[in-house]
Amino acid sequence: MKSNHNNLAPARVTTDEFKFFCDAQNLHWLITWKWQGRNRAGVLKVYDRDDNLKARVLYGRSTQMWGPADQGLDRVRTGSPKHFAVLEAQKMLELPNKPLSNIKTNKSDC
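Let me begin by describing the structure that accompanies this report. The shown structure was predicted, so the numbers you read here are calculated from the model rather than taken from an experiment.

## Remarks on the pairing of strand β2 (residues 39–47)
No. 1: Buried residues dominate β2, accounting for 8 of its 9 residues.
No. 2: With 9 bridges connecting them, strand β1 (residues 28–36) and β2 associate as antiparallel partners. Of the residues in β2, the one forming a bridge with W29 is V46.
No. 3: Where β1 folds back on β2, the antiparallel hairpin that results is connected by 2 residues, among which G37 adopts a positive phi of roughly 70°.
No. 4: One ladder, built from 6 bridges, connects β2 with strand β3 (residues 53–59); its direction is antiparallel. Following the sheet pairing, V46 is matched in β3 by A55.

## Brief notes about helix α2 (residues 81–94)
No. 1: When the terminal C-alpha atoms of α2 are compared, their 20 Å separation across 14 residues agrees well with the 20 Å that a helix rising 1.5 Å per residue should span.
No. 2: Taken together, the buried positions of α2 are K82, H83, A85, V86, A89, Q90, M92 and L93.
No. 3: Looking at the packing, one finds that the buried side of α2 touches α1 (11–24), β1, β2 and β3.

About the cut-offs
- Residues numbered from 1 in each chain as written.
- Predicted model: local features only at pLDDT ≥ 70, side-chain atom pairs only at ≥ 80, totals over all residues.
- Heavy atoms only, no water.
- Buried < 20%, exposed > 50% of the residue type's maximum accessible area, 1.4 Å probe, protein only.
- Helix = DSSP H or I, 4+ residues; strand = E, 2+ residues; numbered from the N terminus.
- Pairing = 2+ DSSP bridges.
- Expected span 1.5 Å × (residues − 1).
- Contact = heavy atoms within 4.5 Å.

So, in structure tokens, the structure goes:
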């Protein structure tokens, strides 16, 4: 099933597939933020069971606000920057030989 937004799969489908993929690969994900100008950018990170960083995607947001919904994948809109971040993270995980340049492995890198 495709949404009306650029022929993307609905965000709910994408995020469910991402969560299932992470569970199947014994990976865990985390969404944090970092300042990007005057706004808080989202940072989606994926770690393996030894806490080695496997993927990190920074996505823009146009607000300084940060709440519980921003930390999860339950309320993602199709075509949003967070939706594209999930797609990019999964692509990175499916291509494990892709180098993660300029990525810190410390969870406090935000």
